[in-house]
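Below, each chain spelled out in residue letters.
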Amino acid sequence: MADRRQITVAGITLTVLIERKAVKNINARLRDTTLHISAPHAVDDTALDRAIIELARRLIQRVHKRQINNEEDALALVRRVAARFPNPPVIKHATFTLTESRWGSYSAATGAVRLNAALLRMPRWVLEAVAAHEIAHAFHPNHSPAFWRLLRSVCPDTDRAQAFLAAVAWMARSWDGMPPVERALLAQVHDEVGDV
């Protein structure tokens, strides 16, 4: 008989069905909001609980990444932005990722652009500015003055997008430490800068 419990991971509540079996490793399968786990008889409960959380997190991220890449064709977007460049580079692959450390990346070896999935929830000009930034690395692998000249010539919103992303990053780091009253006020502020 399967052990049944509920857990919440990444804001998603899952029903976990655990079966102890004659298996070597802890295995997981996610179907909708049910996480099926098969675990060796010998694994202790503490190790199993830690493994379940980690496996659930990975599977939720995998499903989310698949969904976001079905929502938006990253390659088509990046190729449209690349067409703005003189002698556009060949972009062979583009994808939205769930990376925690950067807004985007470009690989000269593979001709691939990776964009942070959070950019899909931001204004389009920010997403396109990050794509342009990564494509500019096809011409200049560093952040030299020539890199910035090229980038600003094909994407006039570059500096504005950088300021926007700096504000988003600051807000994300500060949000949990802010008093709830201030968070509620910030959620209601309009886009225009009004009278102080």
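Residues numbered from 1 in each chain as written. Predicted model: local features only at pLDDT ≥ 70, side-chain atom pairs only at ≥ 80, totals over all residues. Heavy atoms only, no water.

Scanning the protein for helices and strands turns up six helices and seven strands. The helix and strand sequence of the protein, counted from the amino end, reads β-β-β-β-α-α-β-β-β-α-α-α-α. Computed over C-alpha atoms, the radius of gyration of the protein comes to 22 Å, more than 25% over the 16 Å expected from 2.2 N^0.38 for 196 residues, which places it beyond the range of a compact globule. On the principal axes, the C-alpha backbone points of the protein span a range of 65 × 50 × 25 Å. Relative to its 196 residues, the protein shows a buried fraction of 36%. (Helix = DSSP H or I, 4+ residues; strand = E, 2+ residues; numbered from the N terminus. Rg over C-alpha atoms; globule rule 2.2 N^0.38 Å. Buried < 20%, exposed > 50% of the residue type's maximum accessible area, 1.4 Å probe, protein only.)

It is worth spelling out the nonpolar core at this point. Val78, Phe96, Val113, Leu115, Leu119 and Ile135 are the most contacted members of the largest nonpolar core, which has 33 residues in total. Every element with two or more residues in this core is listed here: α2 (74-82), β5 (93-97), β7 (112-116), α3 (124-136), α4 (145-154) and α5 (158-174). The dominant element in this core, judged by the number of residues it contributes, is α3, at eight residues. Grouped together as the second largest cluster of nonpolar side chains are 14 residues, Ile7, Leu14, Val16 and Leu59 included. (Core = buried A, V, L, I, M, F, W, Y, C linked by side-chain atoms within 4.5 Å.)

Quick look at the sheet that holds strand β1 (residues 3-9) now. Here four strands make up an open sheet; going across it, the order is β1-β2-β4-β3 and the pairing mixed. Each edge of the sheet is formed by a strand with only one pairing partner; in this case those strands are β1 and β3 (27-31). Taken pair by pair, the neighbouring strands of this sheet meet at an average axis angle of 25°, ignoring direction. With five bridges connecting them, β3 and strand β4 (residues 34-40) associate as antiparallel partners. Paired with Arg31 across the strands is Thr34, a residue of β4. (Pairing = 2+ DSSP bridges. Axes fitted to C-alpha atoms, helices over the stretch in contact; angles between N-to-C directions.)

Attention now goes to unusual backbone geometry. Even without being glycine, Ala10 reaches a positive phi, approximately 55°. In this structure Ala10 comes out as exposed when scored by relative accessible area, which is 64%. Here Asn87, not a glycine, exhibits a phi torsion of approximately 50°, which is positive. Here Asn87 shows up in the loop between α2 and β5.

Spanning 17 residues, α5 covers 24 Å between terminal C-alpha atoms, matching the ideal 24 Å at 1.5 Å per step. Looking only at α5, the buried set comprises Thr158, Ala161 and Leu165. Looking down the long axis of α5, one finds its buried residues gathered within 60° of arc, a one-sided arrangement. Elements in contact with the buried residues of α5: α3 and α4. (Expected span 1.5 Å × (residues − 1). Arc of directions from axis to C-beta. Contact = heavy atoms within 4.5 Å.)

Next up on the list: the sheet that holds β5. If you trace the three strands from one edge of the open sheet to the other, you get β5-β7-β6, paired in mixed fashion. Strand pairing shows two members of the sheet lacking a second neighbour, β5 and β6 (104-107), which therefore form its edges. Across the sheet, the mean angle from the axis of one strand to that of its neighbour is 15°, orientation sign disregarded. On top of the sheet, α2 reaches β5 and β7; it is set at about 115° to β5, its chief contact.

This part takes up the pattern of salt bridges. Counted according to the given criterion, the structure contains nine salt bridges. Between Arg20 and Asp45 there is a salt bridge, with its nearest N and O atoms 2.8 Å apart. Within this pair, whereas Arg20 is found in strand β2 (residues 12-21), its partner Asp45 is found in helix α1 (residues 45-71), the two being separated by 25 residues in sequence. You can call Asp45 exposed: its relative accessible area is 52%. A salt bridge links Glu54 to Arg57; the shortest N-O distance between them is 2.3 Å. Placement of both Glu54 and Arg57 in helix α1 is noted, with a separation of three residues, approximately one turn of the helix. Looking at Glu54, the relative accessible area reads 29%, which means it is partly exposed. (Salt bridge = Lys/Arg side-chain N within 4 Å of Asp/Glu carboxyl O.)

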